[in-house]
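Fold and geometry: a report
Each chain is listed here by its residues.
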Amino acid sequence: GQNIDQPTEMTATEGAIVQINCTYQTSGFNGLFWYQQHAGEAPTFLSYNVLDGLEEKGRFSSFLSRSKGYSYLLLKELQMKDSASYLCAAPSGSARQLTFGSGTQLTVLP
Amino acid sequence: GAVVSQHPSWVICKSGTSVKIECRSLDFQATTMFWYRQFPKQSLMLMATSNEGSKATYEQGVEKDKFLINHASLTLSTLTVTSAHPEDSSFYICSASTGINQPQHFGDGTRLSIL
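Details of the overall build of chain A
Along the backbone of chain A there are zero helices and eleven strands. Starting at the N terminus and ending at the C terminus, chain A contains elements arranged as β-β-β-β-β-β-β-β-β-β-β. For 110 residues, the compact-globule estimate of 2.2 N^0.38 gives 13 Å, and chain A sits close to it at 13 Å. Seen along its three principal axes, the alpha-carbon backbone of chain A occupies a region of about 45 × 30 × 20 Å. Relative to all contacts within chain A whose residues are 6 or more apart in sequence, the contacts with residues 24 or more apart total 54%. Looking at chain A as shown, the accessible area adds up to about 5,100 Å², and 49% of this sits on carbon and sulfur atoms.

Structural data, given as structure tokens:
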């Protein structure tokens, strides 16, 4: 089975850096996804890690350690529009269906 | 690229009505699509995996006779909520990917409200 844990809520200030952690336990490993979801909208893809290390994409970076079952999403130079839920997700099965964590609601304050 | 379109975006109807939701991959073919449900302040829960030309695979606890899935072509999957009741009110979202280990791209979701 799949078990994914991430904090429920985080708060940070505009311009700051925030790190959202995710730990996972999966039967088989097929990579780890991060998605952003604004209230009332569908999730949008942020990153996919399958190898250990840091993947940087502009203000957002994602890190993976397979041996530790751990990933984090790093958001730099926070903007108000970054207030959203951030979902950690792991694919499994032959169809690679996603199991989502509960999501971390990030609130960016002015 | 990799655009998924979902329709309708909002449905309000009376209890007992059946509601059909369409999910289309606009610029790619998807042999597999996924249907999720999301209740307020909760994460997405996979309902079923829709397979083109064959029966859908339902997650435990999801009634296949209530949530009918048809995947008749490589670009279209439909979810029909039959005889919907207020407890079926939720945000339904479909997704598809261009291949194994590729990101899933989500439709805009359908907000279903049953009165």
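Points about the packing of aromatic side chains
The tally for this structure, following the rule as stated, stands at 15 aromatic pairs over all chains. Aromatic pair phenylalanine 100 of chain A and phenylalanine 106 of chain B: ring centres 6.1 Å apart, planes at 55 degrees, arrangement tilted. One end of the pair, phenylalanine 100 of chain A, is in strand E10 (residues 97–100); the other, phenylalanine 106 of chain B, is in strand E10 (residues 105–106), on a second chain. When sorted by exposure, phenylalanine 100 of chain A lands in the same class as phenylalanine 106 of chain B, which is buried. One aromatic cluster in this structure is built from Phe33, Tyr35, Phe45, Tyr48 and Phe100 of chain A together with Tyr36 and Phe106 of chain B. Cation over ring: arginine 111 of chain B sits above phenylalanine 91 of chain B, and NZ or CZ is 4.4 Å from the ring centre.

Looking at the sheet that holds strand E7 (residues 60–65) of chain A
Two strands in a sheet stick together by hydrogen bonds in their backbones, pointing the same way (parallel) or opposite ways (antiparallel). Residue and element names in this part refer to chain A. Within the open sheet, the five strands sit side by side as E1-E3-E8-E7-E6. Their pairing is antiparallel. Of all strands in the sheet, those with a lone pairing partner are strand E1 (3–5) and strand E6 (53–57), marking the two edges. Averaged over neighbouring strand pairs, the angle between their axes works out to 15 degrees when direction is ignored. Note that strand E3 (residues 18–25) and strand E8 (residues 70–75) share six bridges and pair antiparallel.

Concerning the sheet that holds strand E8 (residues 76–81) of chain B
Residue and element names in this part refer to chain B. A sheet is described by the order of its strands in space; here four strands give the open sequence E1-E3-E8-E7, paired in antiparallel fashion. Only two strands of the sheet have a single neighbouring strand rather than two, namely strand E1 (4–7) and strand E7 (67–73). Neighbour-to-neighbour, the strand axes of the sheet open up by a mean angle of 15 degrees, direction not taken into account. With six bridges joining them, strand E3 (residues 19–25) and E8 adopt antiparallel strand pairing. Bridging from a neighbouring strand, valine 19 pairs with valine 81 of E8.

Things to note about the nonpolar core
Ranked by internal contacts, the top residues of the largest apolar core, which has 25 residues, are Trp35, Phe67, Leu79, Tyr92 and Leu112 of chain B. Mapped by element, the contributors of at least two residues to this core are strand E2 (10–13), E3, strand E4 (32–38), strand E5 (45–51), E7, E8, strand E9 (90–96) and strand E11 (110–114) of chain B. The residues touching tyrosine 92 of chain B, leaving out its near neighbours within four places in the chain, are Gln6, Ile21, Tyr36, Arg37, Met47, Phe67, Leu79, Gly109, Thr110 and Leu112 of chain B. Ile4, Cys22, Leu78 and Ala84 of chain A belong to the second largest nonpolar core, which has 20 residues in total.

Details of the pattern of salt bridges
Residues and elements named next belong to chain A. Within this structure, the stated rule accounts for five salt bridges over all chains. In this structure, arginine 59 engages aspartate 82 in a salt bridge whose closest nitrogen and oxygen atoms are separated by 2.8 Å. Placement of arginine 59 in the loop between E6 and E7 and of aspartate 82 in the loop between E8 and strand E9 (84–92) is noted, with a sequence separation of 23 residues between them.

Things to note about the interface of chain A and chain B
Between chain A and chain B, the contact holds 19 residues from the first and 19 residues from the second. A buried area of about 1,500 Å², summed over both sides, lies between chain A and chain B, and 60% of it is on carbon and sulfur atoms. For the pair chain A and chain B, the interface holds zero salt bridges. Scanning the region where chain A abuts chain B turns up five residue pairs in polar contact (both at pLDDT 80 or more). Contributing elements (two or more residues each) for the side of chain A that touches chain B: strand E4 (32–37), strand E5 (44–49) and E10 of chain A. A breakdown of the residues in the side of chain A that touches chain B according to their chemical character gives ten nonpolar, seven polar and two charged.

Section: a nonpolar patch on the surface
Taken together, the side chains of Trp10, Ile12 and Leu115 of chain B present a nonpolar region at the surface, about 390 Å² in accessible area. Tracing the backbone shows tryptophan 10 of chain B in strand E2.

Rules of the game
- Residues numbered from 1 in each chain as written.
- Chains lettered and ligands numbered in written order.
- Predicted model: local features only at pLDDT ≥ 70, side-chain atom pairs only at ≥ 80, totals over all residues.
- Heavy atoms only, no water.
- Helix = DSSP H or I, 4+ residues; strand = E, 2+ residues; numbered from the N terminus.
- Rg over C-alpha atoms; globule rule 2.2 N^0.38 Å.
- Contact = heavy atoms within 4.5 Å.
- Areas by Shrake-Rupley, 256 points an atom, 1.4 Å probe, with all protein chains shown as cover.
- Phe/Tyr/Trp six-rings, centres within 6.5 Å; stacked < 30°, edge-to-face > 60°.
- Buried < 20%, exposed > 50% of the residue type's maximum accessible area, 1.4 Å probe, protein only.
- Lys NZ or Arg CZ within 6 Å of the ring centre and 35° of its normal.
- Pairing = 2+ DSSP bridges.
- Axes fitted to C-alpha atoms, helices over the stretch in contact; angles between N-to-C directions.
- Core = buried A, V, L, I, M, F, W, Y, C linked by side-chain atoms within 4.5 Å.
- Salt bridge = Lys/Arg side-chain N within 4 Å of Asp/Glu carboxyl O.
- Buried area = accessible area lost by both parts, 1.4 Å probe.
- Polar contact = N/O pair within 3.5 Å; in protein donor to acceptor, adjacent residues only side chain to side chain.
- Nonpolar A, V, L, I, M, F, W, Y, C, P; charged D, E, K, R; others polar.
- Patch = residues over 30% accessible without salt bridge, like charges linked within 9 Å, V, L, I, M, F, W, Y side chains within 5 Å.

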